[in-house]
Amino acid sequence: MSIDVEQADRRRRLEAMFREHANAVHAYAWRRTSAASADDVVSEVFAIAWRRLDDVPEPPLPWLLACARRVLANQRRAQRRAGALRSRLAANYAPRLPPDVGDGVLRQALNQLRERDRELLLLVAWEGLEPDQVAAMLGCSKGAAATRLHRARRRLGAALVRLERERQTSSDTQEVLP
């Protein structure tokens, strides 16, 4: 038998297996994960089945479901590892405000901003980047970077006003009390 005929036979066998069992494998995965992940599981299971087609027993469904079970376990382990890595990175490498910001109102206002706004303002104010350099760093146009910077400055101004009002209200309340 030639290689082309053998490959065609393998392909027909896999296609028949897919037609007959893909829905069952999808249903199994879907009951254990999201619909999108279930689709990924089915794809992975049949990719494995293609690579190991000679090892797939008859009937193939129990083997396919066992394979889906292992694929799901691998997905869960990968998600746990990725989550743990994100947590470690967030804890160890969270952007910090420069020390010369001090402990005053500006630091409080910057801490109230979203991470994106704070980073943008610090890139310009402390790193000394020009708007076109910020645009290149963010992968956007100079106009988009300028707009984002304008909005971040406006939000910082609003946070400063809010904090000043709170400070003023607090000091007014303290003056009234005996």
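Just so you know, these numbers come straight off a predicted model, no measurement behind them.

Q: Kindly report on the environment of V42, identifying the contributing residues and their values.
A: Mapped onto the elements of the fold, V42 is located in helix α2 (residues 35-51). Among the residues examined, V42 registers a relative accessible area of 8% and is labelled buried. Taking the C-alpha atoms as reference, V42 lies 6.8 Å from A22; in sequence the two are 20 residues apart. What V42 contacts, discounting residues up to four positions off in sequence, is F18, A22, V25 and H26.

Q: Tell me about the environment of L65, residues and numbers included.
A: With respect to the helices, strands and loops of the structure, L65 is situated in helix α3 (residues 61-92). Expressed as a C-alpha distance, the spacing of L65 and H21, which sit 44 residues apart in the sequence, is 9.5 Å. With residues up to four places along the chain from it excluded, the contact list for L65 reads A24, V25 and Y28.

Q: Tell me about the nonpolar core, and please be specific about residues and values.
A: Among the nonpolar cores identified, the biggest contains 21 residues, and V25, V41, V45, F46, W63 and L64 are the most heavily contacted of them. Mapped by element, the contributors of at least two residues to this core are α1 (3-30), α2 and α3. The residues touching V25, leaving out its near neighbours within four places in the chain, are V42, V45, F46, L64, L65 and A68. Listed in part, the 16 residues of the second largest apolar core include L121, A145, L156 and A159.

Q: Run through the side chain of R10, naming residues and quoting values.
A: Following the sequence through the fold, R10 ends up in helix α1. Excluding residues within four positions of it along the chain, R10 makes contact with W50, L53 and D54.

Q: Could you give an account of the pattern of salt bridges, with specific residues and numbers?
A: On inspection of all chains with the given rule, the structure shows eight salt bridges. Put simply, D9 and R12 hold a salt bridge, and the shortest N to O gap is 2.5 Å. With D9 and R12 both in helix α1 and three residues apart, this pair spans about one turn of that helix. Taking the relative accessible area as the measure of exposure, D9 reaches 31% and is therefore partly exposed. Residue classification places R12 among the partly exposed positions, given a relative accessible area of 47%. As a salt-bridge pair, R118 and E115 come within 2.8 Å of each other at their nearest N and O atoms. Of this pair, R118 and E115 both sit in helix α5 (residues 115-125), three residues apart, which is roughly one turn of that helix. Given a relative accessible area of 13%, R118 falls into the buried group. Salt bridges here are not isolated pairs; linked through shared partners, they connect R114, D117 and R155.

Q: Tell me about the packing of aromatic side chains, and name the residues and values.
A: A full pass over the atoms with the stated rule returns one aromatic pair. Both rings, one in F18 and one in F46, keep their centres 4.9 Å apart while their planes meet at 75°; by these two values the pair is edge-to-face. Here F18 is found in helix α1, whereas its partner F46 is found in helix α2, with 28 residues between them in sequence. F18 sits in the partly exposed class, given a relative accessible area of 41%.

Q: So what about unusual backbone geometry? Which residues, and what values?
A: Leave glycine aside and you will find that most residues have negative phi; peptide bonds, for their part, are mostly trans. The amide bond that connects E58 to the next residue, P59, takes the cis arrangement and shows omega of -10°. Among the structural elements, P59 can be located in the loop between α2 and α3.

Rules used in this analysis
- Residues numbered from 1 in each chain as written.
- Predicted model: local features only at pLDDT ≥ 70, side-chain atom pairs only at ≥ 80, totals over all residues.
- Heavy atoms only, no water.
- Helix = DSSP H or I, 4+ residues; strand = E, 2+ residues; numbered from the N terminus.
- Buried < 20%, exposed > 50% of the residue type's maximum accessible area, 1.4 Å probe, protein only.
- Contact = heavy atoms within 4.5 Å.
- Core = buried A, V, L, I, M, F, W, Y, C linked by side-chain atoms within 4.5 Å.
- Salt bridge = Lys/Arg side-chain N within 4 Å of Asp/Glu carboxyl O.
- Phe/Tyr/Trp six-rings, centres within 6.5 Å; stacked < 30°, edge-to-face > 60°.

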